[in-house]
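# Descriptive structure summary
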Amino acid sequence: MTDPTRHILCMSGGKDSTALALYMRDRVPQMEYVFCDTDKELTETYEYLNRVEAFLGKKIVRLNAKAGFDYWLEVYGGYLPSPNMRWCTKMLKLKPFEQYVGEQPVVSYVGLRADEDRVGYISTKSNIKAVFPFKEDGIDYAGVMKILEESGIGLPPYLKWGRTHSGCYFCFFQRSIEWVRLLETHPDQFEEAMKYEKISDQPGKTFTWNQEMPLSELRKPENVAAIKQRFAELEERNKKNRKNMKLVEILADMEDEDDGAKPCLICQL
Ligand code: SF4
């Protein structure tokens, strides 16, 4: 009898899940690759996934074809998601994945690295068993970089302009400096993000992506300059602390820099 177990790797467009897909390609040829599309990802994430798809020689199944972010925003009465109300992760990432998985036994491959101690997505569905090949095989940050480099796929493009994680272009987990970089790199997507914000005098009716200030304020030259200055000072302090670190350790450390809540792993890995 054939084993009914399915093998599924959920990709985010980030470097770790991409490296894992490349790493598993020949190890688990029956792997199914999926991407939970919010319809609001960075433009380059879509292009990057197309390249990865060509390398894998297999379709990356895009979930949510019919109901993206705007659909769910309406269902949630126009309330923008926030770190305290993450309906977006639930409705656009977790649920579609679980629906796609169905009821058959499934092995879900998660791209947590050997040098991380975070907890990955573990479904509460009893038919899903999560596995962590990078942890099992001792593949750390440097190992992931090597896989991406040797395959010719390289890093996700957003890392080159200073964004730290994949996901929606308006993700509320972005730091102010990342909003500035979005403004400078993708002004059209910054503009789109701004259109979602609502400023009101009525209590409880104001919605902004960034808790510090609305995007219409953040984009003003004096605020952009202040954010850049603040970030440069922070970097200077961090540089001193990293004096004796190797380059890969510095890069991993930069990725871990945190000034608030972390995005969900399913959006970010
Ligand atoms: S990337 Fe951010 S905004 Fe998009 S679904 Fe994930 S948590 Fe929500």
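Residues numbered from 1 in each chain as written. Predicted model: local features only at pLDDT ≥ 70, side-chain atom pairs only at ≥ 80, totals over all residues. Heavy atoms only, no water.

### Things to note about the overall build of the chain
Rules: Segments assigned H or I by DSSP are reported as helices when at least four residues long, segments assigned E as strands when at least two residues long, and all are numbered from the N terminus. Here the term buried applies to any residue with accessible area under 20% of the maximum for its type, exposed to any over 50%, and partly exposed to those in between, with areas from a 1.4 Å probe on protein chains only. Contacts are assigned to residue pairs with any non-hydrogen atoms lying within 4.5 Å of each other. Each accessible area is a Shrake-Rupley result for a 1.4 Å probe, and residues are judged covered by the shown protein chains and nothing else.
Along the backbone of the chain there are 12 helices and 5 strands. In the chain, which comprises 269 residues, the share counted as buried stands at 53%. Long-range contacts, defined here as pairs at least 24 residues apart, represent 64% of the contacts in the chain between residues at least 6 apart. For the chain, the exposed area adds up to about 13700 Å²; of that, 53% sits on carbon and sulfur atoms.

### Here's the deal with the pattern of salt bridges
Short version of the rule: Salt bridge, as applied in this entry: a Lys or Arg side-chain nitrogen positioned within 4 Å of an Asp or Glu carboxyl oxygen.
In total, this model carries 18 salt bridges according to the counting rule given. Measuring nitrogen to oxygen at the nearest pair gives 2.9 Å for the salt bridge that ties Glu192 to Lys195. Linking Glu192 with Lys195, this pair stays in helix H8 (residues 187-196), spanning 3 residues, or about one helical turn. Several salt bridges share partner residues, and in doing so they unite Lys15, Asp16, Arg113, Asp115 and Glu116 into one network.

### Re helix H6 (residues 141-151)
Buried within H6 are the following residues: Tyr141, Gly143, Val144, Met145, Ile147, Leu148 and Ser151. Positive backbone phi, approximately 85 degrees, marks Gly152, located one or two places after H6.

### Remarks on the sheet that holds strand E2 (residues 32-36)
Just so we agree on the cut-off: Here a strand pair is declared whenever DSSP counts at least two bridges between the two strands. Interaxial angles span 0 to 180 degrees and are taken between N-to-C directions of axes, which are lines fitted to C-alpha atoms, for helices over the stretch in contact.
Taken in spatial order, the 5 strands line up as E3-E2-E1-E4-E5 in an open sheet, and their pairing is parallel. With one partner strand each, in any of the chains shown, strand E3 (60-63) and strand E5 (128-131) form the two edges of the open sheet. Each strand axis lies, on average, 30 degrees off the axis of its neighbour in the sheet, ignoring direction. Here strand E1 (residues 6-11) pairs with strand E4 (residues 106-109) via 4 bridges, running parallel.

### Observations regarding the nonpolar core
Considering soluble globular proteins, one finds that nonpolar side chains tend to be buried as a cluster. Test applied: To qualify as a nonpolar core, a set must consist of buried Ala, Val, Leu, Ile, Met, Phe, Trp, Tyr and Cys residues joined through side-chain atoms within 4.5 Å. Residue ranges assigned to each domain were obtained from an automatic or database domain assignment.
Formed by 35 residues in total, the largest nonpolar core has its most connected members in Phe69, Phe170, Trp179, Phe190, Tyr196 and Trp209. Ranked by residues supplied to this core, first place goes to helix H7 (residues 176-185) with 5 residues. Each of domain 1 (6-161) and domain 2 (176-261) accounts for three or more of the residues forming this core. In terms of nonpolar packing, the next biggest core, distinct from the first, is built from 26 residues, Ala19, Leu20, Ile139 and Leu148 among them.

The analysis is restricted to geometry; functional conclusions fall outside its scope.
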